[in-house]
Amino acid sequence: MNVSSDVVFVKQNTSHDTESLGFALLTSLAIMVGCSWVFHRLQRRFPHLYDASEPRDAMKLPLVSSGIFGWLRASLGFRLNDAMPVGMDQIMLLEFTHFGMKAMFGIGLPATMILAPLHSTATHATDDLLGQISLGDGAEAWILWAHVAFVWYVVLLVLYLVWHVQRSQFRQRRSCWLQSLQEPMSTSLLVEGIPEVGRTEESLAHFFHEIFGKPVVKAASFVRDTSSLEPLLEERNALSEELAEKACAPEHAEHVQRVEETNDLDEPTIQAVEVEALEQRYNMAAREVEQLAEQIFSSPSYASDAAFVTFRDRRHAEFARRLKYSENPNVYAVSMAPAPWDVNFGSFSQETANLSKGKALLGRILVAAVFFGFLPVVIGISSMLSVDSLSQLLPGLKEWSMEYTYLTAAWEALWGTSLLSMLMDLVPWILQVVFRRFYRLRSGVKCQQKIQRWYFTFLVVFVLLVTAVGTSLFEAAARFAQAPLQVWRLLAIQLPHATNFYLRYAVLLWAAPFFDLLRGLPLLRFWRAVQAGEPVSTARQMAEPEDQAFHGSGARSARWSLHVVMGLTLCSLQPFVPVVLGFGFLCRRLVFGFLMVFVETKKSDSGGQLWRVQMQHTQLGLVIYIIVMTLILLERDESMVAAILAGSSGFFVALFWFWYPSLLELASLPVQQAEQATTLGRSCEEVEVEEVEVSTPYLQPELQQSLPVSLSMGSTVHWRDLDRALQRASEGALAASAARVSASAASLAPKLPSRSRRPLLSCLGLC
């Protein structure tokens, strides 16, 4: 079954592709220059949003000058190893841009200098420049032997680059990341599958004490069912907000100030009576919350089968993580704990566990619906935006398009590419919603890893393999089930006729990082917060982070991996593609080298998991390249010798991973390097058996907000919120009323429990 790529948004090569490429090049350059100028203006107008002072001071990075190219010099002025505090995942993303440039230029420059002239000599069927330098149907047979040698060159080069970057960069940085982990993450483990008889902090600590023969656990905290506490918390917080608003009303504040100055206990005002009644309701709600929180915290019946255990030192934590505690892998399953602020406590609830299988099945169905429903949506939109469809709405457009054929060709060439890019940008948001609602992901890092794998699969299918998919993924799946090799054969037939589409796509990718340079969504949040009267420091906190669906490490890793795979697959068919993609990686290194290191806040870190998957995707790109080139040579060489020689490079890829099976493994910290911590000047062996702390940084937020300070051990009264609000009032037009608001808040605060003072912030914002 022959499927023409003209049916979908991937346009076949035409005689106007050179003009279309020039138009795409001018469009990208205009966007790059325009965004750079707009960024310079925004940086001067909102310096706090693009401020680099904090990370620069911590890592001794170069200064960011105020010139229009100041960010560019800062991005080029540091080494990646100097910026490791930014995070392992972020630094390895920047390292992937280096890897991409080496691979694309290492492949593209020889292809441009050798294959392009050979294609021009062997091809005589087209007058278009891009058609002459690509591998077309009219190429002579002798050119196929040059492609056999080039396939082996690409395979050897990419495998060497993977081997070299793993040995010289990744392993060293992985070791540094492990050694630099701070407590509590470095000494904490997540233990799942705990039997019911051991679901108390003391029992869990005793379990590890018996294994090691001495006290090794510093603190333990079970994840508890707080579903009954959440409604009471919402009610208490609502009353707190209402109480703060009433208490900080001008009439009540003036009454309180007059009573304090004159000591006149006259008849209270209506506002004072309302405040007193509201305060009684709030105190009653706060007591109910506190009592229920204590019950949840102390009763084993609320504990789930998961707990966070913090050890006294790093060495025992490393030993504990590597031990096997049961023949059943799901009982006492131990893993490295994520950062406390990155834990998704909702995924541990009993309700989530009971519905996990059904919700996971529904989640997979929704992901499949996204896959199978994507092509019809794109085809429908693309058909409406074609010149023929628009001519029916605008009768004069048909005559104009026939007169200016070069503009018509440019539109037909660019709208499909742009439409593909824009619709692909929506996929990470859909995937994130599905994963968070229907999958039991323990942390934000796990969500990013899930997005990376599924988004990359989506990109490969609907960007690179779309010429074989055709107009329906259902039909493609049916064809693949009936004859798996037929789909790859169809790809080998169709892909050489759509290389110029991917060349324009690669050119337009230059402009994408410069849109990210503007930080549109954080800028909007920052501007709205400033307009609402927030101090610039608070507005900056409210603006961060950027959207973690599209701009997260998982989606970025998937997109950049696709660019490498696309360059590998098309390097022999259109020699200019890897060169253009190499410049695209240069643009990403310049832009994201500034954003990730100097501007964006620190994100949750997987310690190299995303990089490992990127290397696996690169290996997959090599496999796709070998299959496509083998089938192309098989179609055009009757003797099949060239196809066999090119396909044999796949065995070398398999042999390479057989020789180096541990090349992509994530190394653990050697026990010798896990130094034992000391407790008050004594080594851990000298520490006597002490009562295990039940409060850790992994205590659930609902319990942190509800438990008494004596139980939560470490909760602090957030008076800094009150101070920040008063500073905001004094800086704005309400400076005259700041003293009155302060007096009212000070008179009210001692009457409230320590945990209820924080809502005064909203009151001060309303005053």
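Residues numbered from 1 in each chain as written. Predicted model: local features only at pLDDT ≥ 70, side-chain atom pairs only at ≥ 80, totals over all residues. Heavy atoms only, no water.

*Asks:* Before we move on, can you summarise the pattern of salt bridges with the specific residues and values?
*Replies:* All told, the structure shown has 13 salt bridges when counted by the stated rule. Where D82 meets R79, a salt bridge forms, and the shortest distance between an N and an O atom there is 3.4 Å. Note on R79: relative accessible area 57%, which makes it exposed. Overlapping salt bridges, with partners in common, bring together R519, R540, E544, E546, R556, E600 and K603 in one network. (Salt bridge = Lys/Arg side-chain N within 4 Å of Asp/Glu carboxyl O. Buried < 20%, exposed > 50% of the residue type's maximum accessible area, 1.4 Å probe, protein only.)

*Asks:* Residue-level account of the side chain of S561, with values.
*Replies:* Structurally, S561 can be placed in helix α25 (residues 553–570). Residue classification places S561 among the buried positions, given a relative accessible area of 1%. (Helix = DSSP H or I, 4+ residues; strand = E, 2+ residues; numbered from the N terminus.)

*Asks:* Quick rundown of the confidence of the model for the protein chain? Include the residues and the values.
*Replies:* Per-residue pLDDT for the protein chain averages 77, and the proportion of residues at 70 or more is 71%. Contacts from residues 1–9, a stretch scored under 50 in pLDDT, to residues over four places away or in other chains number 32 contacts. In this model residues 676–694 is a low-confidence stretch, pLDDT under 50, and it forms 32 contacts with partners more than four residues away in sequence or in other chains. (pLDDT = per-residue confidence, 0-100. Contact = heavy atoms within 4.5 Å.)

*Asks:* Mind laying out the packing of helix α17 (residues 444–464) against α25, listing which residues take part and the relevant values?
*Replies:* Look at α17 against α25: their axes get within 8 Å of each other, and the N-to-C directions meet at 35°. In the crossing of α17 with α25, the sense of the turn from one axis to the other is right-handed. Across the interface between the two elements, Q448, I451, Q452, Y455, F456, L459, V460, V463 and L464 of α17 pack against S553, G554, A555, S557, A558, R559, S561, L562, V565, M566 and T569 of α25. Residue classes in the contact of α17 with α25 are distributed as twelve nonpolar, seven polar and one charged. (Axes fitted to C-alpha atoms, helices over the stretch in contact; angles between N-to-C directions. Left-handed = near helix turned anticlockwise from the far one by under 90°. Nonpolar A, V, L, I, M, F, W, Y, C, P; charged D, E, K, R; others polar.)

*Asks:* So what's going on with the layout of surface pockets? Residues and values would help.
*Replies:* Within this model, the largest pocket holds a volume of roughly 1300 Å³. If you go around the largest pocket, you meet 50 residues; those closest to its centre are M336, A337, P338, S443 and K446. Of all the secondary-structure elements, those providing two or more residues to the lining of the largest pocket are α6 (143–179), β1 (188–192), β3 (303–311), β4 (333–336), α12 (350–354) and α17. A class-by-class count of the residues in the lining of the largest pocket yields 22 nonpolar, 15 polar and 13 charged. Counted as a void, the second largest pocket has a volume near 790 Å³. Forming the boundary of the second largest pocket are 38 residues, of which S421, D425, A512, F515 and F550 lie nearest the centre. Residue assignment for the lining of the second largest pocket shows that the elements contributing at least two residues are α1 (17–45), α16 (405–438), α17, α21 (499–508), α22 (512–518), α23 (520–531), α25 and α26 (576–599). For the lining of the second largest pocket, the residue count by class is 22 nonpolar, eight polar and eight charged. (1 Å grid on protein atoms, 1.4 Å probe; cavity = no way out; pocket = protein on both sides within 12 Å on 5 of 7 lines; lining within 4 Å. Points joined across faces, edges and corners; volume = space filled by probe spheres on them.)

*Asks:* Break down unusual backbone geometry for me, citing the residues and quoting the values.
*Replies:* In this structure, the amide linkage connecting E183 to the following residue, P184, adopts the cis form with an omega of 5°. Along the polypeptide, P184 turns up in the loop between α6 and β1. Note the cis peptide between E544 and P545, where omega equals -5°. Following the sequence through the fold, P545 ends up in the loop between α24 (536–543) and α25. In this structure, Y332 is a non-glycine residue whose phi angle is positive, near 55°. In this structure, Y332 sits in the loop between α11 (314–322) and β4. Take Y332: its relative accessible area is 14%, and that puts it in the buried class.

*Asks:* Go over the nonpolar core, please, and point to the residues and values.
*Replies:* Core analysis: the biggest nonpolar cluster contains 155 residues, and V154, F308, M424, Y455 and Y502 have the highest contact counts within it. Among the elements that take part in this core, α6 stands out by supplying 16 residues, more than any other. Residues L204, A205, A303 and F311 belong to the second largest nonpolar core, which totals 18 residues. (Core = buried A, V, L, I, M, F, W, Y, C linked by side-chain atoms within 4.5 Å.)

*Asks:* Give a description of empty space enclosed by the protein that names residues and reports values.
*Replies:* A complete count under the given rule lists four cavities of 30 Å³ or more for this structure. The computed volume of the largest cavity comes to approximately 60 Å³. Every residue along the wall of the largest cavity is listed here: L181, M185, S186, S188, L189, R314, A317, E318, R321 and M336. The element that contributes the greatest number of residues to the lining of the largest cavity is α11, accounting for four residues. For the lining of the largest cavity, the residue count by class is five nonpolar, two polar and three charged.

*Asks:* So, the packing of aromatic side chains: which residues are in play, and what are the values?
*Replies:* Inspection of the entire model under this criterion finds 32 aromatic pairs. The interplanar angle of 85° and the centroid separation of 5.8 Å between the aromatic rings of F39 and F594 together place this pair among those described as edge-to-face. On the criterion of sequence distance, the pair formed by F39 in helix α1 and F594 in helix α26 is long-range, its members being 555 residues apart. Accessibility assignment for this pair places F39 and F594 in one class, buried. Taking 6.1 Å as the distance between ring centres and 70° as the angle between the ring planes, the aromatic pair formed by F96 and F585 counts as edge-to-face. Note that F96 is positioned in helix α4 (residues 88–122) and F585 in helix α26, a separation of 489 residues in sequence. Take F96 and F585: they sit in the same class, and that class is buried. One aromatic cluster is present, built from ring pairs that chain together F39, Y50, W71, F78, F514, F594 and F598. Between the NZ or CZ atom of R224 and the centre of the ring of F297, over which it lies, the distance is 5.7 Å. Taking NZ or CZ as reference, R588 lies 5.1 Å from the ring centre of F585, over its face. (Phe/Tyr/Trp six-rings, centres within 6.5 Å; stacked < 30°, edge-to-face > 60°. Lys NZ or Arg CZ within 6 Å of the ring centre and 35° of its normal.)

*Asks:* Explain the sheet that holds strand β2 (residues 217–224) to me, and be specific about the residues and the numbers.
*Replies:* Ordered in space as β2-β3-β1-β4, the four strands form an open sheet in which the pairing is antiparallel. Each edge of the sheet is formed by a strand with only one pairing partner; in this case those strands are β2 and β4. Here the average twist between neighbouring strands, direction ignored, is 25°. Where β1 lies against β3, four bridges are found, and the strand directions are antiparallel. The residue of β3 that forms the bridge with S188 is T310. Those strands touched by helix α7 (residues 201–212) are β1, β2 and β3, and its axis lies near 140° from that of β2. Its contacts with the sheet put α11 on β1, β3 and β4, and the angle it makes with β4 is roughly 135°. (Pairing = 2+ DSSP bridges.)

*Asks:* So, the pairing of β3: which residues are in play, and what are the values?
*Replies:* For β3, the tally of buried residues reaches eight of nine residues, placing the bulk of the element in the interior. Bridging between β2 and β3 involves six bridges; their strand directions are antiparallel. Bridge pairing in β3 places A220 opposite V309.

*Asks:* Explain α7 residue by residue, including any values.
*Replies:* With twelve residues, α7 should reach 16 Å at 1.5 Å per residue; the first-to-last C-alpha distance of 17 Å fits that figure. Where α7 is concerned, the buried positions are E201, L204, A205, F208 and H209. Projected onto a plane normal to the axis of α7, the buried residues spread over an arc of 140° and lie on a single side. In the segment just after α7, G213 is the residue with positive phi, at about 75°. (Expected span 1.5 Å × (residues − 1). Arc of directions from axis to C-beta.)

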